[in-house]
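Listed below are the residues making up each chain.
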Amino acid sequence: MSTWPSTTPRGTRSCGTTKAIRGQSTVALSGEAADEVFGGYPWYHDERLVRRDRFPWIGDAPRLADAFAPDLHRRVRPADAENDRYLTLKAEVPRLPGEQGLDARMREVMYYSLKGPLACLLDRKDRMSMAVGLEVRVPYCDHRLVEYVWNVPWDMKNADGRWKSLLRLAFADVLPWETLDRPKSGYPGTHDPAYNAEVMRSIDKALSDPSSPLHGVFDPQRVEAPTRSGSKTMTWLNSSHLLLPVLEVDAWMREYDVTLA
């Protein structure tokens, strides 16, 4: 899959995609919630991450908030905000009486994914599609499917030890093998070193520009740290995926003339 230019906000790129689809159709289908409902994300299958009492998709990777300027970091206290959100969601998890061990923990992890990553994806999809008059339907979000699969034990969802095992097995006699066996491809991540270098070059240019609305918000050395260390973000993507929001927010604030007090 192609990537958008490093100076183009992700929403602009997504809106361009939906606009292209709208030129041929008024309705589209999308697969949001399949990963969250059937266990398709990599962190579901890494017991080391699952067992930790925190959001599993972050792992040991750096957070974007780690790159805040020291004074801002002390004032905002992002770690406290993250922990508060985690504990709030943990208290909300609908429990199954008598469920223990890994099954109980996986119920928590899947609930976090439904309330976190999925909520963001659906919000973005709705905004981008409605902006061009495209109706995008999400069959995996059907409440009857979500409610039914919610109480399927994890060892059944992970029946053959692969991502979305139950979904793959359910369609084994319908879909071609090339589709069933296709490896997961993270979107919008890219592993092209040239792309990563271009993102970092653009970020350095933006943060060194006194006219940038984000000037002084980030510590340039901390921004560069993930690239120097070769860190992976969200357990499998590279540093450009972590840092790209810097460019997106910079572009958005410039576009709408937003400034920080």
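Residues numbered from 1 in each chain as written. Predicted model: local features only at pLDDT ≥ 70, side-chain atom pairs only at ≥ 80, totals over all residues. Heavy atoms only, no water.

J.: How do you make sense of the overall build of the chain when you look at a structure like this?
T.: On a plain count of helices and strands, the chain comes out with 14 helices and two strands. Buried residues in the chain amount to 36% of all 261 residues. Contacts spanning at least 24 positions in sequence make up 71% of the contacts within the chain whose residues lie at least 6 apart. (Helix = DSSP H or I, 4+ residues; strand = E, 2+ residues; numbered from the N terminus. Buried < 20%, exposed > 50% of the residue type's maximum accessible area, 1.4 Å probe, protein only. Contact = heavy atoms within 4.5 Å.)

J.: Explain the packing of aromatic side chains to me, please; I cannot follow it from the model alone.
T.: Aromatic ring pairs are defined here through the distance separating the ring centres and the angle between the ring planes. Under the counting rule described, the total for this entry stands at 13 aromatic pairs. Centroid distance Tyr44 to Trp154: 6.1 Å. Interplanar angle 50°. Geometry classified as tilted. Separated by 110 residues along the polypeptide, Tyr44 in the loop between helix H2 (34-38) and helix H3 (47-50) and Trp154 in helix H9 (residues 154-157) bring together distant segments of the chain. Just as Tyr44 is buried, Trp154 falls in that class too. (Phe/Tyr/Trp six-rings, centres within 6.5 Å; stacked < 30°, edge-to-face > 60°.)

J.: Honestly, empty space enclosed by the protein in this entry has me stumped. Any pointers?
T.: To locate leftover empty space, one rolls a probe as large as a water molecule over the atoms. For the coordinates displayed, the defined rule picks out three cavities of 30 Å³ or more. Here the largest cavity defines a volume of roughly 90 Å³. Around the largest cavity, the lining residues are Glu99, Asp103, Met106, Arg107, Met110, Trp150, Val152, Pro153, Trp154 and Lys157. At the level of secondary structure, the elements contributing two or more residues to the lining of the largest cavity comprise helix H6 (101-115) and H9. When residues in the lining of the largest cavity are grouped by element, the largest group, four residues, is from H6. (1 Å grid on protein atoms, 1.4 Å probe; cavity = no way out; pocket = protein on both sides within 12 Å on 5 of 7 lines; lining within 4 Å. Points joined across faces, edges and corners; volume = space filled by probe spheres on them.)

J.: Is there a simple way to think about the pattern of salt bridges in this case?
T.: Should their charged atoms come close, side chains of opposite charge can pair. According to the stated counting rule, one finds 20 salt bridges in the structure shown. Note that Lys125 and Glu32 form a salt bridge whose closest N and O atoms lie 2.8 Å from each other. Residue Lys125 is located in helix H7 (residues 117-130), and its partner Glu32 is located in the loop between strand S1 (27-29) and H2; the two are separated by 93 residues in the primary sequence. Relative accessible area serves as the criterion here: at 17%, Glu32 is assigned to the buried category. With a closest N to O distance of 2.6 Å, Glu108 and Arg105 form a salt bridge. Of this pair, Glu108 and Arg105 both sit in helix H6, three residues apart, which is roughly one turn of the helix. With relative accessibility at 9%, the residue Glu108 sits in the buried group. On the basis of relative accessible area, Arg105 is assigned to the buried category, the value being 7%. The structure contains a network of salt bridges with shared partners spanning Asp71, Arg74 and Arg75. (Salt bridge = Lys/Arg side-chain N within 4 Å of Asp/Glu carboxyl O.)

J.: When you look at a nonpolar patch on the surface in this model, what are you seeing that I'm missing?
T.: There is a patch of nonpolar side chains on the surface, built from Phe171, Val174 and Leu175 and spanning about 260 Å² of accessible area. Mapped onto the elements of the fold, Leu175 is located in the loop between helix H10 (165-170) and helix H11 (177-180). Relative accessible area serves as the criterion here: at 36%, Leu175 is assigned to the partly exposed category. (Patch = residues over 30% accessible without salt bridge, like charges linked within 9 Å, V, L, I, M, F, W, Y side chains within 5 Å. Areas by Shrake-Rupley, 256 points an atom, 1.4 Å probe, with all protein chains shown as cover.)

J.: Any chance you could explain H7 here in plain terms?
T.: An α-helical turn contains 3.6 residues, so any two residues separated by three or four positions project in the same direction. Taking 1.5 Å of rise per residue, 14 residues should cover 20 Å, and H7 covers 20 Å from first to last C-alpha, within 8% of that figure. For H7, every residue scored as buried is listed here: Leu118, Lys125, Met128 and Ser129. All buried residues of H7 project into a common sector of 105° when viewed along the axis, lining one side. Facing away from the buried side of H7 by more than 90 degrees, the exposed set consists of Cys120 and Arg127. (Expected span 1.5 Å × (residues − 1). Arc of directions from axis to C-beta.)

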